[in-house]
Every structure is written in C-alpha cells, then in structure tokens.
Amino acid sequence: MSKFFDAIACKGLPARDIRNSNIVNMWALAWVTTLALTAFLSRYEWYSSTFPTMIGFVVHSGIGLAMFFAYKRFLRELDEMERKIQLDALASSVGMAVIGFSAYSILAKAGYVPELEPSYLIVLIALTYIAGVIIGRIRYQ
Amino acid sequence: MKNRLKILRAERDWTQAQLAHELEVSRQTINAIEKGKFDPSLPLAFKVSRLFKMPIEEIFQDDA
C-alpha cells in the first residue's frame, strides 16, 4: 500500500519538476473553473448573447493554451524516467479515449446509451492518464 | 542493460539521493537504473561517465 501512496505523492522528484508540476496544476484548475463557470452561466438568458459567449470562449481557450504550454515545458524539463512514465500514460489515455469513444458511439447510435458529451471524454482521458501515471510509478519502484 | 552504478556509488559512500542530486534526476530514477528496470538516456549515461571519470562501457554493459 505504501508503494501506491508513494506513487501518488511523486516523492523524490527534483524541485524544478515539482515547481513546473504546480504551475501546470494551477493552470489546469483555472481551466476547469472557467469550464464550470461557463456551463453555469449558460443557464442564464443574458449569457447566450454574442459578447459574453465570446468572452467565455476566449478566456477558456486562452487558459487552455497556457496550460498546454506549461505542460510542454513540464515534460521538456522533467526527470527522464518520470517523462517516460508520463508519455506512456498519455499514450494509454489517448488510446483508451479513441477506442472508448468509437465503441460508445456504436451503442449511442443504436440508442442503448445517451449521446456522448465532451465532458465524458475529458473525464475518461483524465482518469486513464492518472491511472497510467500511478501504474508507471509503481512499475519502476 | 547491466550496470555497475550501485557498486560505484557504494565505493564512494554516496546515497542514492546524493547521486541523484549530482546527476539532476530523481532518486527513483537512480533506484530504477541500479535495479536494471530503467535504461538511462545517452546524455545521462555520459553524465554518469563524467561524474565517475570512467568510460561508459565500464559502467554500462549490454545484456547480449
């Protein structure tokens, strides 16, 4: 069990990697917050007009781009074994998303399950990515 | 790939954390290399070679 908790805590990473990781986490938190905020505001009629929608689109996309560049920098400067773990996890999450999305769409077209929402895809990618990182860290312990 | 990292580190009485600090990698990376679970990149292998002042082939050996 301690192996599992060590894998989550990413103990022993150089300070540079922890700092870069915290920057990515802050951008990710801001990105999720703007997504939740726009979903919440879309319930109000005034928000459906062009100007507030465009503001929401630009802010959410801008923060998303900042998160993307922060993650690229994090990967570039990352400890090399941790980078391999992260890239393996990314490959798994993309693979699972493509396979899961296509399989789900067959069921959705047949009417067995509701139509796929983008949020399902984001959750699937995030969960498989987190699982991939934890499994990778345990494998190399 | 086999390596003599653990022996060389022990000869100098260094901890994994100290070696990791010298090579600017995580302690987990040193541990995985010593156990043969992870093969270092060429730049890291050269860094190890410079640190121990030994040719790479005396530190890392191919399994084959």
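Residues numbered from 1 in each chain as written. Chains lettered and ligands numbered in written order. Predicted model: local features only at pLDDT ≥ 70, side-chain atom pairs only at ≥ 80, totals over all residues.

1. Observations concerning the overall build of chain B
Here comes step 1: Each helix and strand counted, chain B has 5 helices and 2 strands in total.
Here comes step 2: Across chain B, helices and strands are ordered from the amino to the carboxyl terminus as β-α-α-α-α-α-β.
Here comes step 3: For a compact globule of 64 residues, the expected C-alpha radius of gyration is about 11 Å, and chain B comes in at 11 Å, within 12% of that figure.
Here comes step 4: Dimensions of chain B, computed from the C-alpha atoms along their principal axes, are close to 30 × 25 × 20 Å.
Here comes step 5: By the burial criterion, 20% of the 64 residues in chain B qualify as buried. (Helix = DSSP H or I, 4+ residues; strand = E, 2+ residues; numbered from the N terminus. Rg over C-alpha atoms; globule rule 2.2 N^0.38 Å. Buried ≥ 20, exposed ≤ 12 C-beta atoms within 10 Å, placed from the backbone.)

2. Section: the overall build of chain A
Here comes step 1: Helices and strands together make up the secondary structure of chain A, namely 5 helices and 0 strands.
Here comes step 2: Put simply, chain A runs from its N terminus to its C terminus through helices and strands in the order α-α-α-α-α.
Here comes step 3: The dimensions of chain A, computed from C-alpha atoms along their principal axes, are 50 × 40 × 25 Å.
Here comes step 4: Here chain A holds 141 residues, and 14% of them are scored as buried.
Here comes step 5: The long-range fraction of contacts in chain A, counting pairs at least 24 apart against all pairs at least 6 apart in sequence, stands at 78%. (Contact = placed C-beta atoms within 7 Å.)

3. Re the nonpolar core
Here comes step 1: Counting residues in each nonpolar core, the largest one holds 12 residues, listed as Met81(A), Ile85(A), Ala89(A), Val133(A), Leu5(B), Leu19(B), Ala20(B), Val25(B), Ile30(B), Ala32(B), Ile33(B) and Val48(B).
Here comes step 2: Those elements giving two or more residues to this core turn out to be α4 (80-109) of chain A together with α2 (16-23) and α3 (27-34) of chain B. (Core = buried A, V, L, I, M, F, W, Y, C linked by C-beta atoms within 7 Å.)

4. Some thoughts on the interface of chain B and chain A
Here comes step 1: With 11 residues of chain B at the contact, the number on the chain A side is 9 residues.
Here comes step 2: With 4 residues, α3(B) is the largest single contributor of residues to the side of chain B that touches chain A.
Here comes step 3: Considering only residue class, the side of chain B that touches chain A consists of 4 nonpolar, 4 polar and 3 charged. (Nonpolar A, V, L, I, M, F, W, Y, C, P; charged D, E, K, R; others polar.)

5. Quick notes on the environment of Gly12(A)
Residue and element names in this part refer to chain A.
Here comes step 1: Along the chain, the position of Gly12 falls in the loop between α1 (2-9) and α2 (15-41).
Here comes step 2: According to the C-beta neighbour criterion, Gly12 is buried, with 20 such atoms within 10 Å.
Here comes step 3: For the pair formed by Gly12 and Ala36, sequence separation is 24 residues and the distance between their alpha carbons is 34 Å.

6. Observations regarding the environment of Ser21(A)
Here comes step 1: Note that Ser21(A) resides in helix α2.
Here comes step 2: Placed 11 residues apart in sequence, Ser21(A) and Val32(A) show a C-alpha to C-alpha distance of 16 Å.

7. Remarks on unusual backbone geometry
All names here are of chain B.
Here comes step 1: Even without being glycine, Glu24 reaches a positive phi, approximately 55°.
Here comes step 2: Tracing the chain through its elements places Glu24 in the loop between α2 and α3.
Here comes step 3: Under the C-beta neighbour-count criterion, Glu24 is labelled exposed, with 12 such atoms within 10 Å.
Here comes step 4: Residues other than glycine seldom take positive phi values, yet Lys53 does so here, at roughly 55°.
Here comes step 5: Residue placement: Lys53 occurs in the loop between α4 (42-52) and α5 (56-59).
Here comes step 6: Accessibility expressed as a C-beta count within 10 Å gives 6 for Lys53, which makes it exposed.

8. Concerning the domain arrangement of chain A
Residue and element names in this part refer to chain A.
Here comes step 1: Taken as a whole, chain A is organised into domain 1 (10-78) and domain 2 (79-141).
Here comes step 2: Summarising the inter-unit geometry, the C-alpha centres of domain 1 and domain 2 are found 19 Å apart.
Here comes step 3: Each side of the interface is counted separately: domain 1 has 5 residues, and domain 2 has 4 residues.
Here comes step 4: Tallied by class, the residues present in the side of domain 1 that touches domain 2 amount to 4 nonpolar, no polar and 1 charged. (Domains from an automatic or database assignment.)

9. What about helix α5 (residues 118-139) of chain A?
Residues and elements named next belong to chain A.
Here comes step 1: Over its 22 residues, α5 runs 32 Å from end to end, which matches the ideal 32 Å to within 8%, given 1.5 Å per residue.
Here comes step 2: Taken residue by residue, α5 has Gly132, Val133, Gly136 and Arg137 as its buried positions. Down the axis of α5, the buried side of the element spans an arc of 125°, and every buried residue falls inside it. Across from the buried face of α5, at angles greater than 90 degrees, the exposed residues are Ser119, Val123 and Leu127. (Expected span 1.5 Å × (residues − 1). Arc of directions from axis to C-beta.)

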